[in-house]
Amino acid sequence: MKYCGKERGSITLFLALILSLLLSLVCTSIESVRMASARTQILNSMDIGLYSVFGQYDRKLLEEYDLFALDGSMGGGQLNLAKICDNLESYMKPVLKQNSQKLELHQSGLTGYRLLTDECGEVFYQQIVQYMQETLGSQGVQLLLNKMSDRERKTEEADLKAKQAETGGSIDRYDSEMNQASQKSRQAAQEAENRQQQEGQISTQPAPTQPQADNPISIIKRIMKMGILELVLPPGREISTRTVSKDTMVSGRQLQQGMEMPDGVTADSSYTSGVLFQQYLMNHLGNYTDPSKESLAYQMEYVFGGRDNDIDNLKSVASKLLFIREGVNFACLMADNVKRTEAQALAAAIASGFLVPPAAVVIESALLLCWAFAESVLDVRELFAGGKIPLVKTSADWQISLSNLSSLMEGLDSMRKNNDHGLSYEDYLQVLILPVSKEKKVMRAMDMIEDAIRKKGRANFYMDSCVVALEAFAEVKANRKKEFQVIRQYCYE
C-alpha cells in the first residue's frame, strides 16, 4: 500500500509542475496580448488624433485656392505649437479610455513640422503642382506644355527683334541726320546771303523751297513720350488704385520656419512644374480683365511687376506688351515688300524736302519703327479692351496705314480691330510671366493669397503659420506597468 501511495504522489507532483508551467505560459501570453493590444490602442489614438487635427484644415484656403493646410495659429496669428499639442491630446484621450485597458497619457509633443512657406515656398509650390497634375491629367498637361512652349518661343523671338530695333538707334540717327541737314541748310542760306552782300546785290525774292512731304515721325515721337496707360487703355474703363503694404506680406517680413522632418523637401525646377504652377495662378488670381475683389485687383500683374499698387503693376505689363508687339510688328514690316516700298518712297520724299537725299535710308528705318510703334499701340489697346491679337501678323491683319500715322491719336479706337484667331490679354500675360524667376512668382503669389484672405475678415491670417505636415510623439503608461513611446507622421498629400 505504501508503494502505491508513493506512486500516486509522484504523478500528482509531476502534473502540478506541468500545470504551473502551462499556467505561467498562458499568463505570459495573456499579458503579452494585453500589451500588444495596449500598443495598438495607443497607435490608434495617435492616428485618430492626427487625422482629427488635420481634419480642421483651413476652409478658405481649400474652397478658394484648392490648398490643404492647417492654421497652426488656431486663429491667433502666430504659430502656436502648444495649442496643436493640446488639440492632439484632446482627440487621443477618449480613444485611450476605451476598452478595459488602463492607459494613461504622460506627455506628448512635436518632433517635426512643415509649414506652407518653408524652403522659400517650395512646399506651397509643390502642393500646387501636384494638384494641377491630378486635375489636368497627363494628356491635359502635355497639351498645356505644347501651347506654352510655342508661345514662349515666338515671344522670345519677338523680344529679341524689339531689342535689336531699339539698339539700332533709328530714331536717334534720324534726329542726328535732320539736325545736320538743318544746320547745313542754314549755313548754305547764310553763305548765299553773304555772297549777295559782297556783290552788292539785294534780292527781294524769297529763296525757292522744296515742297515738304507729310512727315509723321515728329508726331509719333511726341506720342512715344506720352504716358503708357493713356495710350493703351480704352475709354470708360476705371483703373484700380488699390495699394498694399509689402512690409507686412510674405515677401517682406521674416518668416516663421518649420522643424526639419526625416523626409525633406527636394526643390523642383522643371519646366513642366513651372508651367503648371503658372496656369494655377491664372486660374486663381485676378488680373485686369477679371479683377480680384480682395487685395490688389490686378494680382497677376503684381506677380509680374512686384509693385505695391495696381497702377504701377499695370504700367509695367503694358510697357512690356508694347515692347514685344513693337518687335513683332517691326519684323512683319521688314518682311512685307509692299509696305517697305511705301516707306522707301515716303523716306525719299522727306529726304528731298530736307535737301539731304543720302539720309533716305535712315529716314526709312525711322518710319518703319514709328509704323511698328503705332500698330503696337493699337494692338495693346485692343487687348486691354478685351479683344484678341495674333502673335505674328499677316498683311491682312494690319490696322494702320502709313498715310494715317499722323492721325494715330484720332483713330485709337476706330482703327483697331479684333482677331478671333489671336491671343487674348490673359494669354499674353501668361507668356510675359513665364521668364519671371520661380522664387519671385512663388513669394508674390503667397503675398496675394495671404492678403486676400486677410481682407475677407481674417486679419490674423499668416501663410507661415499654415502647417502641412506633422511628426508627433506620445508617452503612455499601460496598466500601470509598462510605458510606451510612439512616433507618427501625417501630411497633406
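Scoring rules and cut-offs
- Residues numbered from 1 in each chain as written.
- Predicted model: local features only at pLDDT ≥ 70, side-chain atom pairs only at ≥ 80, totals over all residues.
- Heavy atoms only, no water.
- Helix = DSSP H or I, 4+ residues; strand = E, 2+ residues; numbered from the N terminus.
- Contact = heavy atoms within 4.5 Å.
- Areas by Shrake-Rupley, 256 points an atom, 1.4 Å probe, with all protein chains shown as cover.
- Salt bridge = Lys/Arg side-chain N within 4 Å of Asp/Glu carboxyl O.
- Buried < 20%, exposed > 50% of the residue type's maximum accessible area, 1.4 Å probe, protein only.
- Pairing = 2+ DSSP bridges.
- Core = buried A, V, L, I, M, F, W, Y, C linked by side-chain atoms within 4.5 Å.

Draft legend 1. View of the overall build of the chain. Within the chain, the regular secondary structure consists of 14 helices and 4 strands. Intrachain contacts of the chain at a sequence separation of at least 6 include 79% that bridge at least 24 residues. Carbon and sulfur atoms make up 51% of the accessible area of the chain, which totals about 25,300 Å².

Draft legend 2. Seen up close, the pattern of salt bridges. All chains considered together, the criterion is met by 19 salt bridges. In this structure, Arg-253 and Glu-450 form a salt bridge, with 2.7 Å as the shortest nitrogen-oxygen distance. Of this pair, Arg-253 sits in the loop between helix H7 (228-232) and helix H8 (271-284) while Glu-450 sits in helix H14 (residues 438-455); the two residues are 197 residues apart in sequence, bridging distant segments of the chain. Classification of Arg-253 by relative accessible area gives buried; the value is 18%. Between Arg-416 and Asp-413 there is a salt bridge; the shortest N-O distance is 2.8 Å. Exposure remark for Arg-416: the relative accessible area of 18% places this residue in the buried category. Here the residues in one salt-bridge network are Lys-60, Glu-64, Glu-294 and Lys-456, joined through shared partners.

Draft legend 3. Structural context of the pairing of strand S3 (residues 466-478). Buried residues dominate S3, accounting for 12 of its 13 residues. Of the strand pairs in this sheet, strand S1 (residues 70-71) and S3 are connected by 2 bridges, and their pairing is antiparallel. Bridging from a neighbouring strand, Asp-71 pairs with Cys-466 of S3. Across 11 bridges, the pairing between strand S2 (residues 103-115) and S3 is antiparallel. Its bridge partner lying in S3, Leu-110 is registered against Ala-472. Two elements, S3 and strand S4 (residues 482-491), share 10 bridges in a ladder whose sense is antiparallel. Directly across from Glu-475, in S4, lies its bridge partner Gln-485. Here S3 hands over to S4 after 3 residues, with Asn-479 in that stretch at a positive phi of 55°.

Draft legend 4. Up close: the nonpolar core. Ranked by size, the top nonpolar core spans 132 residues in total, and within it Phe-124, Phe-384 and Ile-449 carry the most contacts. In contact with Ile-449, not counting residues within four places along its chain, are Leu-61, Tyr-65, Leu-67, Phe-124, Tyr-280, Leu-285 and Met-463.

Draft legend 5. Inspection of unusual backbone geometry at higher detail. The backbone of Glu-119 sits at a positive phi, close to 55°, despite the residue not being glycine. One can find Glu-119 in helix H4 (residues 118-167). Residue Cys-120 is not a glycine yet carries a positive backbone phi of 55°. Positionally, Cys-120 belongs in helix H4. Looking at Cys-120, the relative accessible area reads 53%, which means it is exposed.

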